[in-house]
Each structure stands twice: as structure tokens, then as C-alpha cells.
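Letter by letter, the chains look like this.
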Amino acid sequence: MKLKLALAQINTKLGVVESNLEKHLAQIEKASKEKADLVVFPELSLTGYSLQDLAPTVAHRAVPEDLVFKRLLDASQDIDVVVGFVEEDLRNRFFISSAYLSRGEVSHVHRKVYLPTYGLFDEGRFFAWGDTTAAFNTRFGRVGILICEDFWHVSPPYLLWLDGADIFLFVSASPGRGLTSAPQLSTAQWVESINRAYASIFTSFVVHCNRVGYEDGLHFSGGSTVFGPDGDLLAKAPYEDESLTFCDLDLNQLHRSRSRLPLLRDERTALTQRELNRILNRDGSSSGR
Amino acid sequence: MKNLDINTDLATEIISGFIHSETTRAGFSKAVIGVSGGIDSALSCFLAAHALGGENVLAVRMPYTTSSQDSLDHAQLVIDKTGVQSTTIPIGAIADGLINQFPDMSKMCQGNIMARSRMIVLYDRSVEFKGLVVGTSNKTEILLGYSTLFGDSACAFNPIGDLYKTQVRQLSRALGVPDIIVDKAPTADLWAGQTDEGELGFTYADVDQLLYLLVDERYTPEECVQEGFDKKFVETVVKRIQRSHFKRIMPPIAKLSNRTIGYDFLYLRDWGT
């Protein structure tokens, strides 16, 4: 089975949902014309990243009654769509979320579980923490979504793997930083190396869609990637520039890679659970929160 | 010695994108830069010309009566090499209008008046040219507070404020800033014979190494001494950073209400664009 994927590596207008929505619809149409099955947008693709006090004013709910989502759901009849947005729940908590839309329905919403609140980041000040990392079924098999800092931690990808995800959809709006003599920023190098590592050790497809553009002095470097179950780079979007990058995923590669390297078969989840319980229950544990 | 080398192609690409983004999102297409003949403003001018096109950049030379001819000539080299538009507006009359009222005025106060006079000229010309004022302060001088508040530090945005002086030199060479500008002793040229390093009491090469450890690598002052830096030097620099912090932040507002500018009224400059 093949899946034609489109990475919509876009720039956004900060806090202007209508304008960003139009860009989404145009990209979806373009991807659809190219016969893509799935188009992935970056973190907070409907709103921009550094929202601060704008966060509550740009929030939406992934329901058909929401005027923004209605148009996105209408656009998802022929092509599945992953879109990033500020989600307001029924009790008025605001999350950094990504929704998977398919055939006019919301298949899944992931709420970011790790909100970086250090250095240049201040997400914990403005957003609520998501509480689950669940894989979900799509017409291409089982998929998991994580948002930026979620996959800087090793546990959410691991949990998704055990929950059945064979395709990891990672989205980010990662401010580039760490200029050295190397031809890439250190953050770009880091993200590429961990995504390749996840693809290899989980023998899975790892898709990463990062945004481009600037917000004040912050810059988002793009360079979105797709890695296959052998850790091979299957596609890479340019740095700095907007692009719609296509990649054919041969899902049969999962069979071949896992025949060669049965890491999933041999994963000792009961041992992991037992040891985690021991470590977290131990008095004076230094690891646990 | 820490290696402060940067990839100059990557730096140029990111900074050019930044200049273009910050200019156009504010509704402008042009920029205005005070070009002194020194390396920092030369680099800012090269980068702005690269990002916006030379015809969209106005370089303003603003000599005081005691400014050296070299400064003017070197500024002209930058203008010629970048193909930017240019104008020369002497600030003698503006600055002396105040300076002459106080015969015993210190050199520092006179220097501040010159820097602020240039700010007035730049912001005035920016209206006429319909361009934004581009900053020319580097990371070293910002951290050391080696600038005049509301003078040379005033700008709409700053493309080189995250580059240490040593890195400014590296990037300047890569972009073709004339050697004579890159190689000369940095000076504010507020009075004859003034040099930055003479006034500061240490070299940029040394202080950049120290600042890199203190700021970028988060070393404690004690750890810097253990790395071989002179204790007095470390103390001087740490004190300078702390005492000049007021120059790096907006003036604090006394909080009274539930929502106060600066504390809980938080939006980026690029809000809505």
C-alpha cells in the first residue's frame, strides 16, 4: 500500500486565522490536485506561534459547527489533513493542538503534552497541558501525532509506538537557534538526528513538518523531513522557504524492515512496566514527576 | 579559546530574511542607516542592501565638527560598495546648540549629545525616505552597555545584535566590507584619538571570549576565572553587564491595574502580520 504525503511547510500571519485558513485551503487544493492522500501542516499553522496574549482570541474547536473547521472539514473529503490550532475546550482551557481530519470528520485531536517553558519559550504560561498520547486509526493504518517539544522527549514517541502507531506525524514551529561554523543551525541538526533515530529504532515512518518565516527576531527554518523504517531520508523540504513537498510512502516497507529487524516484536513491555513501577515507586526517586 | 566562528552564509541568509520580514511587515520597503565609517554600521548597511536592494537603503553620514576625515571616507567606501542611496548631514550645529551652553561639559555628555543628535537626524530622515531605522549595535557592546541610551541604540530593529564583535568582523569580511574598515581600531569617534578598546580597558577579542562563556554558555564568574580569565577582568565585565541592564529593557512601569504594559499585556511587534 502506498501513501502519497504532502508536507505543507508554510509561513503564517501572527494571530490572523482567516488569512492562514485561506492559505491552508489553497495548499490543500494544490496537494489534492497532485493526488496526495494526506497533507500535514505545522504546529499552530492556523494562528502563528508566538501568540502570548493573542492565544484566547484565536482559539477554535475542532467541530463542524466551528466556522473555520467547517471549511477545513469540507476540504478534507478527498484528502486527509493535519492542521495545527489553538483549541479551547468546553471549560475554556487553551491547548496547542493538532487535528487529523478525514472524509469530512475529525478523526483525532492531539493536545501538546510537553509545553516548553524555559529559555525563549513561555508556553506553560499561556496554555494548558495535554494529558494523552494516543495513536489512532486512519485509512492508511495506525498513526500518532506529536507536537514539537513532545518529541524532544523520548517517552511520547515510545508510547505511540506501543499504542500501534506505524506512521509518526511530528509537527513543529521550532525557532532556529545555535549558529556555529556548521552549515545548519544546531537545532536543525538535532531534530533531524532524533527523527532519523526514531524512524530507525521504531522501524516506522517519521514525518516532520516544520514551519518557516519570522516572528519578530525568531526565525523558523523549515527543513521538514520524512524518514523511512530503515532510517533512510525519503524526502526533505528546503530550509527557510515555503514549500509543498511530496513523498510516496511505501507502507509495505514496514513488513520488510521489521522482518529484518524485529525490534517491535522483541520489545519487552512488561519489563518496561515493571521497572517503571519500581523506579517511580522508589522512595527518593530522582527521576520521577 | 572558544571558537566563535559562524557559518557566514547561514548568518547572511537568516539576517537578510529578518530585515526583509521586519521591514515589510511594518508596511515599509525601505531602510535608513547611520553609516559612521566603522565596521558595525558597515555590516548593517551591507546586510540591509542585500535584503532590500541598494536603492531601498539610505545611508546617512553625520559628521560632527571633530569627526575624522577617515570616518567620512570609510563611510563613502561602504556607500560605493553597496550601491545604497546616501546623504550627508553634519550634526555640528545641532549638537553645539546644547554643548555650547555648558562650557565645562564632560566628554561623555558631549558624546551622548552627538549620539542623540544622530538619532534625531536618522528618525527625521526616516520619515522623508519612508524607511525604518536599522540598528547597528553588536552583542558585545549591548552586553557591556557601551552605547548611548536613546542615541546609537535607538532603532526599529537590529540585525547584528546577536553577533559578538569578533563575529561581526568575520561576517564583514565574508560580505566584502573593505579591509581598511574591518582592520582599523574600533572607535565611537566622539573625540580625536578615542578608541573603544582604549576606553573599555580590554580588547574585543578577550571580552568576547569571556562574554561567550558568561552569557551563551552560562558559566559562573568563578568558572570563568578557573578557565584562566583574570579575576579583576571578570568582575569588571560582570559588573558592567549588570549595571547596564537598564539600557536593554523598556523602562519599567509601576503596576497598579490588573493589566499593565510590560508585565501582562504581551504581544509581539509582529502582531497581526
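Everything below is about the structure printed above this text.
Here the structure is a predicted model, which is why all the values come from computation and not from measurement.

Draft legend 1. Geometry of the packing of aromatic side chains. Residues and elements named next belong to chain A. For the structure on display, the rule yields 17 aromatic pairs over all chains. With a centroid separation of 4.4 Å and an interplanar angle of 10°, the aromatic rings of F151 and F170 are classed as stacked. Of this pair, F151 sits in the loop between β7 (141-147) and α4 (155-162) while F170 is found in strand β8 (residues 167-172), placing the two residues 19 residues apart along the sequence. Centroid distance F168 to F170: 5.9 Å. Interplanar angle 75°. Geometry classified as edge-to-face. Here F168 matches F170 in class, with each residue buried. Through pairs of rings, three or more aromatic residues link up here, namely F151, Y158, W161, F168, F170, Y198 and F202. Positioned above the aromatic ring of F220 is the side chain of R211, whose terminal nitrogen or guanidinium carbon lies 4.1 Å from the ring centre.

Draft legend 2. Layout of unusual backbone geometry. All names here are of chain A. For N92, which is not glycine, the phi torsion reads 65° and is therefore positive. Here N92 lies in the loop between β3 (80-88) and β4 (94-102). Residue classification places N92 among the partly exposed positions, given a relative accessible area of 48%. With a phi angle near 40°, T203 is a residue other than glycine that sits in the positive phi range. Within the secondary structure layout, T203 lies in the loop between α5 (186-201) and β9 (205-210). For T203, a relative accessible area of 0% puts it in the buried group.

Draft legend 3. Spatial organisation of the interface of chain B and chain A. Between chain B and chain A, the contact holds 24 residues from the first and 24 residues from the second. At the boundary of chain B with chain A, total buried surface from both sides reaches about 2,000 Å², with 58% on carbon and sulfur atoms. Of all residues in chain B, the largest losses of buried area upon contact with chain A belong to I14(B), L266(B) and L268(B), amounting jointly to 28% of the total for that side. At the junction of chain B with chain A, the criterion picks out one salt bridge. The shortest N-O distance in the salt bridge between R259(B) and D53(A) comes to 2.6 Å. Applying the counting criterion to the chain B and chain A interface returns 15 residue pairs in polar contact (both at pLDDT 80 or more). Residue composition of the side of chain B that touches chain A, by class: eleven nonpolar, five polar and eight charged.

Draft legend 4. Representation of the pairing of β7(A) in the model. Residue and element names in this part refer to chain A. Where burial is concerned, most of β7 is hidden: five out of the seven residues are buried. Across three bridges, the pairing between strand β6 (residues 136-138) and β7 is antiparallel. In the sheet register, N137 faces β7, and the bridge partner there is R142. With antiparallel pairing between neighbouring strands as the criterion, β6 and β7 make up a hairpin whose turn holds two residues. Sheet analysis places β7 next to β8, joined by five bridges and oriented parallel. In the sheet register, I145 faces β8, and the bridge partner there is L169. Handedness of the β-α-β unit built from β7, α4 and β8 comes out right-handed.

Draft legend 5. Expanded view of the pattern of salt bridges. One pass over the structure, following the stated rule, counts 28 salt bridges over all chains. Note that E29(A) is salt-bridged to K33(A), the shortest N-O span being 3.5 Å. Of the two residues, E29(A) and K33(A) are both situated in helix α1 (residues 17-33); the distance of four residues between them amounts to about one turn of the helix. Classification of E29(A) by relative accessible area gives partly exposed; the value is 47%. Among the residues examined, K33(A) registers a relative accessible area of 63% and is labelled exposed. D162(B) is the partner of K139(B) in a salt bridge, and the nearest nitrogen-oxygen pair spans 2.9 Å. With a gap of 23 residues between them, K139(B) in helix α6 (residues 139-144) and D162(B) in the loop between α6 and α7 (165-175) connect regions that are remote in the sequence. For D162(B), a relative accessible area of 56% puts it in the exposed group. Here the residues in one salt-bridge network are E43(A), K112(A) and E123(A), joined through shared partners.

Criteria and thresholds
Residues numbered from 1 in each chain as written. Chains lettered and ligands numbered in written order. Predicted model: local features only at pLDDT ≥ 70, side-chain atom pairs only at ≥ 80, totals over all residues. Heavy atoms only, no water. Phe/Tyr/Trp six-rings, centres within 6.5 Å; stacked < 30°, edge-to-face > 60°. Helix = DSSP H or I, 4+ residues; strand = E, 2+ residues; numbered from the N terminus. Buried < 20%, exposed > 50% of the residue type's maximum accessible area, 1.4 Å probe, protein only. Lys NZ or Arg CZ within 6 Å of the ring centre and 35° of its normal. Contact = heavy atoms within 4.5 Å. Buried area = accessible area lost by both parts, 1.4 Å probe. Salt bridge = Lys/Arg side-chain N within 4 Å of Asp/Glu carboxyl O. Polar contact = N/O pair within 3.5 Å; in protein donor to acceptor, adjacent residues only side chain to side chain. Nonpolar A, V, L, I, M, F, W, Y, C, P; charged D, E, K, R; others polar. Pairing = 2+ DSSP bridges. Right-handed = clockwise from strand over helix to strand, strands pointing away.

Honestly, that's just the spatial picture; any functional story needs more than this.
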